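# Structural features, examined
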There are 6 protein chains.
Amino acid sequence: MKKEIIALYPGSFDPLTNGHLDIITRASRLFPTLIVAITKNLNKNHLFSLEDRIDMLKESVSDMHNVKVVSFSGLLANYFDEMKANVLIRGLRAVSDFEYEFQMALMNRNLNANFETVFLMPDQDYTFLSSSMIKEIAMLGGDTKDFVPACVEKKLKQIKKQNQ
Amino acid sequence: MKKEIIALYPGSFDPLTNGHLDIITRASRLFPTLIVAITKNLNKNHLFSLEDRIDMLKESVSDMHNVKVVSFSGLLANYFDEMKANVLIRGLRAVSDFEYEFQMALMNRNLNANFETVFLMPDQDYTFLSSSMIKEIAMLGGDTKDFVPACVEKKLKQIKKQNQ
Amino acid sequence: MKKEIIALYPGSFDPLTNGHLDIITRASRLFPTLIVAITKNLNKNHLFSLEDRIDMLKESVSDMHNVKVVSFSGLLANYFDEMKANVLIRGLRAVSDFEYEFQMALMNRNLNANFETVFLMPDQDYTFLSSSMIKEIAMLGGDTKDFVPACVEKKLKQIKKQNQ
Amino acid sequence: MKKEIIALYPGSFDPLTNGHLDIITRASRLFPTLIVAITKNLNKNHLFSLEDRIDMLKESVSDMHNVKVVSFSGLLANYFDEMKANVLIRGLRAVSDFEYEFQMALMNRNLNANFETVFLMPDQDYTFLSSSMIKEIAMLGGDTKDFVPACVEKKLKQIKKQNQ
Amino acid sequence: MKKEIIALYPGSFDPLTNGHLDIITRASRLFPTLIVAITKNLNKNHLFSLEDRIDMLKESVSDMHNVKVVSFSGLLANYFDEMKANVLIRGLRAVSDFEYEFQMALMNRNLNANFETVFLMPDQDYTFLSSSMIKEIAMLGGDTKDFVPACVEKKLKQIKKQNQ
Amino acid sequence: MKKEIIALYPGSFDPLTNGHLDIITRASRLFPTLIVAITKNLNKNHLFSLEDRIDMLKESVSDMHNVKVVSFSGLLANYFDEMKANVLIRGLRAVSDFEYEFQMALMNRNLNANFETVFLMPDQDYTFLSSSMIKEIAMLGGDTKDFVPACVEKKLKQIKKQNQ
């Protein structure tokens, strides 16, 4: 194996949680290059703008020198080739994750024979975390500082204030 | 990331199936060095001797130049450090796999903080394969040539003959 | 253990089913005080108004003397403390319930260390029941009398008539 | 058993996939008459009109002589009796399918004691297919020709063009 | 479809439960001929002899005129062809059943392309029943009359007496 | 509710883990009386004698004044009545636990209509723990001090020495 492996970690990161950050840290230790790719996906109802999501991610991974943050639209199976990626990174927390991720991984392999997915497991302190739960807690006035990076917590509070 | 990643793929391989071989192939493309480690585990009732299991594996991976075949006894979490491994490889086929593997991965992380497990998905043609099914089919006189490497099929037929 | 345990059973009850009522009955036998707490949750698209949901619940539990019906908004983990509750009641019907409930219970424990969740199992005649199925059946003109209390069935028929 | 069994395979088929077609083929070999029943369900946001869904299904099953294509609205448990059906056909791909289908089958048996559901398993090449994934891939410009009948692929491309 | 469908329902039936009998009844209504095939499987530790298992099954299905009781050894995929069967019957009670049955069904399809498996759901009163639980309860002196046919209950009591 | 609730927590506790102890602590806070009932079950191959299992449990719960440790044989559904218990306590860690426990709880309700099971969730630090894993780790020379009470750890080391 001479080629340098490029790993791709896609997601909407709306917003980035400590669980995502944990997966990014683990993947960055295993592979020479890690590209974190934020889905643009204009139709979906995001709480954070693409710009905010990029900024929060860039700030949070600034000390990991082999991690790049990008955004993309279109089919993941095509973007994977475009980026000359060799492996897709996905986090697994629960059985329900597993089934959906498995189905996606099989579909991607059918769309692109080069596609390889590896699943990583976040720290057990983060197995219950999801972006949608974080948003719900923040909008109900709950404290999210144990669940997201500081820059995300600050933004969540700003949005909560604007909505009042 | 300067260090060269060493991946460890443990199992009893009693016997090696095409599903295992598929995982080995995928892992060998992702990581610079892959050590396939056969558990000695004297108590368990294996169909194949350790020697046979080593031979069949060595023959089957002979063309993958970054793959080594070894055997080990004792605690996996200790052996992982002994081999200076950075990542453990596990295949995932089904929800039941997932739960057991998750539990093992969490336990291993508790025993050894360096422990990292990555899960790979075999080709969908192999999702139904397991060593125990292969043994049952072979012992009932079924044809296993689509499910195991040729050297394993041959050995299975020999054992079947001896048992008659 | 000297203190009197207060149990909290939260839900949207849109509408109350016989499955919910079965869980309420079981919990009311196990704990000195049971508070059934209806979520206000203004954003969600409910079929029944909060007033109707409160009325149907109050009518259905009128003969259980240690059961109180209330409504609440905001974060459950805070409301739990406000009510001096000691234990949260949740019903479990299926694996999919289990995963979601587990995730919620872990999150709630992280938000509030006092949080304790107990899971009860409804009668096996009710394992297939859900409020959303009831609504769908009623709106398609199906008979719901075996699945909900009489007062709920009556209200469902009224709404069905108004929608025609 | 003298009576001729009538099997009913309901769905929204928005659009028909090769997985659906595989289930239809299998069911048509097992039962004398198979009725494929497309749900009208006006509320749901379908990509294809009912007419298009009927046309694509009729074209795709034209060579199966015991298969009829119809559409229906209202409660499935009633329509089942109306069509004098004896058995409902459902495809199972994954654990998450299973739980939902089980719940539906129990509910239908409670609504109509004659109700019998049989579950068939599609070819393993189709276990990852779903109509919603197909639509997402097509709308992102991906190639769906391995996943749907030719007439569906053509229609998907037309819709994609109109949306641009 | 001119040919008469032959359905095969294999199992060890050690012993027959009301859940098995329910599946047999349902399958016998759907298919012209149903063969209930008891696995000989000499290695396994059965509580009941093959003769007893055959007798109890024959007595329990005596009023279903299209049901035959046989025993077999060897590979199910071969026996299926030998009996000119068109469809295999399996009961599904829970997610864990589902995964194992799915794996078996895929394996059987790989061993024999004609293989078709249909899954039936027992009455919800029987979803918790298994032969191993019945044996455990009977051997601990529990009452099994609600869970097995009368002839099985009688035999269980005899065995319990002999073991004392 | 005037009667004092008696809770029963059965298990083989071979050996007691920190996960069991966590469930005992939680249950003892919720119910006036908690009986921890160790199954004698002579057939099963236990690592620890019944006496050792009783001693280790008694030592570990000595500071919980409403907890009693007993042993029992025979049918749990009968023992439940004998002890005038009102509720059975079970811990849930994973989906696989859930299915088995659900089946047992339904069976027990069928054997004894008074039977009520409540499920508690251990601390997330213990979700991966099981007695069988603990035994395996200890016998392979691993360190179990984070997973079991001190008295259990000591006993495990003694047994390990004796086996060498």
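Cut-offs applied
- Residues numbered from 1 in each chain as written.
- Chains lettered and ligands numbered in written order.
- Predicted model: local features only at pLDDT ≥ 70, side-chain atom pairs only at ≥ 80, totals over all residues.
- Heavy atoms only, no water.
- Helix = DSSP H or I, 4+ residues; strand = E, 2+ residues; numbered from the N terminus.
- Rg over C-alpha atoms; globule rule 2.2 N^0.38 Å.
- Areas by Shrake-Rupley, 256 points an atom, 1.4 Å probe, with all protein chains shown as cover.
- Lys, Arg positive; Asp, Glu negative; His and termini not counted.
- Charge placed at Lys NZ, Arg CZ, Asp CG, Glu CD.
- Least-squares fit on C-alpha atoms with pLDDT ≥ 70 in both.
- Contact = heavy atoms within 4.5 Å.
- Pairing = 2+ DSSP bridges.
- Axes fitted to C-alpha atoms, helices over the stretch in contact; angles between N-to-C directions.
- Buried area = accessible area lost by both parts, 1.4 Å probe.
- Salt bridge = Lys/Arg side-chain N within 4 Å of Asp/Glu carboxyl O.
- Polar contact = N/O pair within 3.5 Å; in protein donor to acceptor, adjacent residues only side chain to side chain.
- Nonpolar A, V, L, I, M, F, W, Y, C, P; charged D, E, K, R; others polar.
- Parallel < 35°, antiparallel > 145°, perpendicular 65-115°, else oblique.
- Left-handed = near helix turned anticlockwise from the far one by under 90°.
- Phe/Tyr/Trp six-rings, centres within 6.5 Å; stacked < 30°, edge-to-face > 60°.
- Expected span 1.5 Å × (residues − 1).
- Buried < 20%, exposed > 50% of the residue type's maximum accessible area, 1.4 Å probe, protein only.

### What about the overall build of chain A?
Regarding its fold elements, chain A presents 6 helices and 5 strands. When the helices and strands of chain A are placed in sequence order, the string is β-α-β-α-β-α-β-α-β-α-α. Here chain A has a C-alpha radius of gyration of 16 Å; the compact-globule value for 164 residues is 15 Å, and the two agree. Referenced to the eigenvectors of the C-alpha coordinate spread, the extents of chain A come out at roughly 55 × 30 × 30 Å. Carbon and sulfur atoms provide 46% of the accessible area of chain A, an area that totals close to 7200 Å². Within chain A, the 20 negative side-chain charges are centred at a point lying 3 Å from the centre of the 20 positive side-chain charges.

### Overview of the relation of the copies chain B and chain A
Superposing chain B onto chain A takes a rotation of 180 degrees plus a shift of 0.0 Å along the axis, which leaves an RMSD of 0.0 Å. Taken together, the turn and the small shift mark the pair as related by a two-fold rotation axis. Closest approach to the rotation axis among the C-alpha atoms of chain B is made by Phe119(B), whose C-alpha sits 2.4 Å away. When you check the interface residues of chain B against chain A, 100% turn up at the interface there too, and the contact is symmetric in its surfaces.

### Concerning the sheet that holds strand E4 (residues 87-91) of chain D
A sheet is described by the order of its strands in space; here 10 strands give the open sequence E3(D)-E2(D)-E1(D)-E4(D)-E5(D)-E5(E)-E4(E)-E1(E)-E2(E)-E3(E), paired in mixed fashion. The open sheet has two edge strands, strand E3 (67-72) of chain D together with strand E3 (67-72) of chain E, and neither has a second partner. Sheet twist, expressed as the average angle between the axes of neighbouring strands with direction ignored, equals 30 degrees. Examined bridge by bridge, strand E1 (residues 6-11) of chain E and strand E4 (residues 87-91) of chain E share 2 bridges and lie parallel to one another.

### Some details on the sheet that holds strand E4 (residues 87-91) of chain C
Pairing between the strands of a sheet comes from backbone hydrogen bonds, and it takes one of two forms, parallel or antiparallel. If you trace the 10 strands from one edge of the open sheet to the other, you get E3(C)-E2(C)-E1(C)-E4(C)-E5(C)-E5(F)-E4(F)-E1(F)-E2(F)-E3(F), paired in mixed fashion. Each edge of the open sheet is held by one strand with a lone partner, namely strand E3 (67-72) of chain C together with strand E3 (67-72) of chain F. Across the sheet, the mean angle from the axis of one strand to that of its neighbour is 30 degrees, orientation sign disregarded.

### Things to note about the relation of the copies chain A and chain C
Under the fitted operation, chain A is carried onto chain C by 0.0 Å of movement along the axis and a turn of 120 degrees, and the coordinates agree to an RMSD of 0.0 Å. Such a combination of rotation and displacement between the chain copies is what one expects of a three-fold axis. Considering only C-alpha atoms, the residue of chain A closest to the rotation axis is Ser96(A), which sits at 4.4 Å.

### Overview of the interface of chain A and chain C
Listed by partner, the interface residues are 15 residues for chain A and 9 residues for chain C. Both sides of the chain A and chain C interface together cover about 1100 Å² of buried area, and 72% of this is carbon and sulfur. Contact with chain C buries surface across chain A, with Phe128(A), Met133(A) and Leu140(A) losing the most and accounting together for 51% of the total. Run the count over chain A and chain C and you get 0 salt bridges. Linking chain A to chain C there are 1 residue pair in polar contact (both at pLDDT 80 or more). Secondary-structure elements contributing two or more residues to the side of chain A that touches chain C are helix H4 (95-111) and helix H5 (131-139) of chain A. No other element matches the 3 residues that H5(A) contributes to the side of chain A that touches chain C. Taken together, the residues of the side of chain A that touches chain C break down into 9 nonpolar, 4 polar and 2 charged.

### A few points about the interface of chain B and chain A
Between chain B and chain A, the contact holds 33 residues from the first and 33 residues from the second. Carbon and sulfur atoms make up 68% of the surface buried where chain B meets chain A, a total of about 2700 Å² over both sides. Inspection of the region where chain B meets chain A yields 2 salt bridges. Summed over the shared surface of chain B and chain A, the result is 9 residue pairs in polar contact (both at pLDDT 80 or more). Mapped onto the side of chain B that touches chain A, the elements with two or more residues apiece are helix H1 (18-30), helix H4 (95-111) and strand E5 (117-120) of chain B. A total of 8 residues in the side of chain B that touches chain A trace back to one element, the largest contributor, which is H4(B).

### Comments concerning the packing of helix H5 (residues 131-139) of chain C against helix H6 (residues 150-163) of chain C
In a pair of packed helices, the angle between the axes and the distance between the axes together describe the arrangement. Residues and elements named next belong to chain C. Contact geometry for H5 and H6: axes closest at 9 Å, N-to-C directions at 50 degrees. In terms of orientation, H5 lies oblique with respect to H6. The handedness of the crossing between H5 and H6 is right-handed. Residues Ile-134, Ala-138 and Met-139 of H5 form the contact with H6, whose own contacting residues are Leu-156, Ile-159, Lys-160 and Asn-163.

### So, the environment of Ala94(A)
Structurally, Ala94(A) can be placed in the loop between strand E4 (87-91) and H4. Excluding residues within four positions of it along the chain, Ala94(A) makes contact with Phe98(B) and Glu99(C).

### Some thoughts on the environment of Val69(D)
Following the sequence through the fold, Val69(D) ends up in strand E3. The contact partners of Val69(D), leaving out residues within four places of it in the chain, are Val36(D), Ile38(D), Ile54(D), Leu57(D), Lys58(D) and Val61(D).

### Let's talk about the packing of aromatic side chains
Aromatic rings in a pair are described by how distant their centres are and how their planes are angled relative to each other. Under the counting rule described, the total for this entry stands at 27 aromatic pairs over all chains. Relative to Phe115(C), the ring of Phe80(C) lies with its centre 4.2 Å away and its plane at 20 degrees, an arrangement referred to as stacked. With a gap of 35 residues between them, Phe80(C) in helix H3 (residues 76-82) and Phe115(C) in the loop between helix H4 (95-111) and strand E5 (117-120) connect regions that are remote in the sequence. Ring geometry for Phe128(E) and Phe147(E): centres 5.9 Å apart, planes at 85 degrees, overall edge-to-face.

### Focus: the arrangement of the chains
Separated in space, chain A and chain E share no contact, their closest pair of C-alpha atoms being 12 Å apart. Nothing in chain D touches chain F, and the closest approach of their C-alpha atoms is 12 Å.

### A short note on helix H6 (residues 150-163) of chain B
Residues and elements named next belong to chain B. The end-to-end C-alpha separation of H6 is 20 Å, in line with the 20 Å expected for 14 residues at 1.5 Å each. Taken residue by residue, H6 has Cys-151, Val-152, Glu-153, Leu-156 and Ile-159 as its buried positions. Taken together, the buried residues of H6 touch helix H2 (50-60) and helix H5 (131-139).

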